[in-house]
Amino acid sequence: MAKCDRTPAELGFAMPAEWEKHEATWLGWPHNPTDWPGKLDTIRWVYGEIVRKIAPGEIVRILVNSPAQQAAALSCLKRAGADISRVEFIVHPTNRGWTRDSGPIFVARGRGKSRETAIVHFHFNAWAKYPDWRKDRKVPETAAQYLGKTLFRALWDGKPFVIEGGGIEVNGRGTLITTEECYLDPQVQVRNPGLDRVGYEAAFKAHLGVSNVFWLGAGPAGDDTHGHIDDICRFVDARTLVLVKESRRNDVNYRPLAENWERIQDLRLEDGSKPGVVALPMPAPLFFDGERLPASYANFYISNAAVLVPTFNDPQDRVALGILGELFPKRTVVGIHAVDLVLGFGTLHCLTQQQPA
């Protein structure tokens, strides 16, 4: 692992789009019972299904706390019918398994055989909400050592710059979308105290190689991260995005999601053109123990072999799968039952992190 004092953008690196070819997908094996109260065993079988669908197209690299946990995970994956020849285990103790946010975020430069990838360390701090994050924060360092990659440490004004993978969405051509709720709220879950919109945009450009930043407002109710973009708006190709839409006027999500539809009319891509915007429905409200859960079809994951879409035993499941099926004609679009997953306040995209080829 080499460490670099220059920024990724200064050296020509940028974050690729999720639909570009992967070498691997990273996951963290579930072990924290507070994430899924009373459901942890069930969640492990959901992971088995996730790996079974991803492994035909790429390597799956799984973080485990210990050799004993690795053996248990391997047994589960075998019984689930996953191709274990495509699975690599990395022993690295974690606090939680939300690899989208704590895992390695990759940037790349060059094309073909000359393409080089590196990792940016964004100093995960448990969404500026929970006290247990120190093991998770070390994941990018472990990944860089394991892969022999350069590690960039994201900074602003000499301080650690903190963001999560679920808080950013890129088209791989220069445009990044995020939300004001997540990163500009001055009081709730403040990742970078004192950093304003201009500062964030400069840091995004320096560390992710983007040239164009667009801000939506807020996300759906129940989001433990306070506004991650990956429950709201996702690029499906360089010029097209999906944006969630709540049709029930009496739902608490109706107004904030409608405001995002108003804002998105102003979005121009890095070349000044207007993107295509496709509506993605919202499922009916889901609750656990009286608490609203952030169920969203936008939390899908694009792997080489398939697009994995969370489903919620809802009539809109079929509608969402149909919309995404038309938008990804060259990939199989499959539903993964996520009623249990979303008890942890996240689903498929939150659990996964792509490693570009």
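Above this note sits the structure.
I will try to describe carefully the structure that is included in this document. Keep in mind that this is a model prediction, so the values were computed, not measured. In this convention, every chain numbers its residues from 1, walking through the sequence in written order. With the structure being a predicted model, the display of local features is reserved for residues of pLDDT at least 70 and the display and counting of side-chain atom pairs for 80 or more, all residues being used for whole-chain, interface and lining totals. Working from all heavy atoms in the structure, the side-chain values ignore hydrogens and water.

1. Topic: the packing of helix α1 (residues 40–54) against helix α2 (residues 67–80)
Then, in step 1: For helices, the fitted axis covers only the stretch in contact; all axes are lines through C-alpha atoms, and the angles between them, taken along N-to-C directions, range from 0 to 180 degrees. Secondary structure elements are defined from DSSP: runs of H or I of at least 4 residues count as helices, runs of E of at least 2 residues count as strands, and each element is numbered from the N terminus. Across the interface, α1 lies against α2 with an axial gap of 9 Å and an inter-helix angle of 60°. Crossing geometry of α1 relative to α2 is assigned as right-handed. Taking contact as the criterion, the partners of R44, W45, Y47, G48, V51 and R52 in α1 are, on α2, C76, L77, R79 and A80.
Then, in step 2: Only Asp, Glu, Lys and Arg are considered charged, only Ala, Val, Leu, Ile, Met, Phe, Trp, Tyr, Cys and Pro nonpolar, and every remaining residue, Gly among them, polar. Of the residues contributing to the contact of α1 with α2, the split by class is six nonpolar, one polar and three charged. For any helix crossing, the convention is left-handed if the near helix is rotated counterclockwise from the far helix by under a right angle, and right-handed if that rotation is clockwise. Whether two residues are in contact is decided by their heavy atoms: any pair within 4.5 Å suffices.

2. Comments concerning the sheet that holds strand β10 (residues 169–170)
Then, in step 1: With respect to topology, three strands assemble into an open sheet ordered β10-β11-β12, the strand pairing being mixed. Two strands lie at the open edges of the sheet, namely β10 and β12 (212–216), each paired on one side alone.
Then, in step 2: Any two strands between which DSSP finds at least two bridges are classified as paired. As paired elements, β10 and strand β11 (residues 175–179) share two bridges and run antiparallel to each other. Its bridge partner lying in β11, V170 is registered against L176.

3. Concerning the pattern of salt bridges
Then, in step 1: The rule for a salt bridge is simple: a side-chain nitrogen of Lys or Arg has to be within 4 Å of a carboxyl oxygen of Asp or Glu. One pass over the structure, following the stated rule, counts 23 salt bridges.
Then, in step 2: The shortest N-O distance in the salt bridge between E141 and R153 comes to 3.2 Å. In this pair, E141 is assigned in helix α5 (residues 139–147) and R153 in strand β7 (residues 150–153), connecting sequence segments 12 residues apart.
Then, in step 3: The class for E141 is partly exposed, based on a relative accessible area of 26%.
Then, in step 4: Accessibility here uses a 1.4 Å probe with only protein chains present; expressed as a share of the type maximum, an area under 20% marks a residue as buried, one over 50% as exposed, and anything in between as partly exposed. Relative accessible area serves as the criterion here: at 27%, R153 is assigned to the partly exposed category.

4. Section: helix α8 (residues 254–264)
Then, in step 1: Those residues of α8 lying buried are Y254, L257, A258, N260, W261 and I264. Each buried residue of α8 lies within a common arc of 150° when the element is viewed along its axis, so the set occupies one face.
Then, in step 2: Looking at the buried positions of α8, the neighbouring elements they touch are β12, β14 (240–245) and β15 (276–281). Think of the arc as the fan of directions from the helix axis to the C-beta atoms.

5. Notes on the packing of aromatic side chains
Then, in step 1: Under the pairing criterion, centres of Phe, Tyr and Trp rings, with the six-membered ring standing for Trp, must be within 6.5 Å; the plane angle then separates stacked pairs below 30 degrees from edge-to-face pairs above 60, leaving the rest tilted. Tallied over the full model, the rule gives 16 aromatic pairs.
Then, in step 2: Each ring, one from Y183 and one from Y200, has its centre 5.4 Å from the other, and the planes form 35°; the classification is tilted. Residue Y183 is located in helix α6 (residues 180–183), and its partner Y200 is located in helix α7 (residues 197–208); the two are separated by 17 residues in the primary sequence.
Then, in step 3: Consider the rings of Y183 and F204, whose centres lie 6.3 Å apart with planes at 65°: the pair is edge-to-face. With Y183 in helix α6 and F204 in helix α7, this residue pair connects regions lying 21 residues apart in the sequence.

6. Examining the state of the cysteines
Then, in step 1: Only a pair of cysteine sulfur atoms within 2.5 Å counts as a disulfide in this structure description. Summed over all chains, the structure comprises zero disulfides.
Then, in step 2: With no disulfide of its own, C233 has C182 as its nearest cysteine by sulfur position, at a separation of 14 Å.
Then, in step 3: No disulfide involves C350; its sulfur sits 11 Å from the nearest other cysteine sulfur, which is in C182.

7. Digging into the nonpolar core
Then, in step 1: Working definition of a nonpolar core: buried Ala, Val, Leu, Ile, Met, Phe, Trp, Tyr and Cys residues. They are joined through side-chain atoms within 4.5 Å. Judged by nonpolar contacts, the single largest core of 73 residues is most densely connected at W36, I50, I62, I177, L216, L280 and F300.
Then, in step 2: For this core, the element with the highest residue contribution is α1, accounting for seven residues.
Then, in step 3: Residues in contact with L280, not counting those within four places in the same chain, are V242, L243, V244, K245, Y297, A298, A320, I323 and L324.
Then, in step 4: Counting 25 residues, the second-largest nonpolar core is a separate cluster that includes A118, V170, C182 and A203.

8. Description of the sheet that holds strand β3 (residues 59–64)
Then, in step 1: If you walk across this open sheet you meet the four strands as β4-β3-β2-β21, and the pairing is mixed. Two strands lie at the open edges of the sheet, namely β4 (87–91) and β21 (353–356), each paired on one side alone. Across the sheet, the mean angle separating the axes of adjacent strands is 25° when strand polarity is ignored.
Then, in step 2: α2 contacts β3 and β4 of the sheet and is inclined by roughly 160° relative to β4.

9. Overview of the pairing of β3
Then, in step 1: Here β3 lies mainly inside the structure; six of its six residues are buried.
Then, in step 2: Neither face of β3 is exposed, since I59, R61 and L63 on one face and V60, I62 and V64 on the opposite face are all buried.
Then, in step 3: Note that strand β2 (residues 22–28) and β3 share five bridges and pair parallel. Bridging across to β3, G28 finds its partner in L63.
Then, in step 4: Regarding topology, α1 serves as the crossover connection from β2 to the parallel β3, and that connection is right-handed.
Then, in step 5: Both β3 and β4 contribute to a ladder of five bridges, which runs parallel. Counterpart to R61 in the pairing with β4 is E88.
Then, in step 6: Think of it like this: strands point away, you trace from the first strand over the helix to the second, and a clockwise trace means the crossover is right-handed. This β-α-β element, β3 to α2 to β4, shows right-handed connectivity.

10. Notes on α7
Then, in step 1: Helix span, as expected, comes to 1.5 Å for every residue beyond the first. Taking 1.5 Å of rise per residue, the 12 residues of α7 would be expected to cover 16 Å, and the 16 Å separating its terminal C-alpha atoms lies within 8% of that figure.
Then, in step 2: All of the buried residues along α7 are G199, Y200, E201, A203, F204, H207 and L208.
Then, in step 3: Within two residues after α7, G209 carries a phi angle of roughly 70°, on the positive side.

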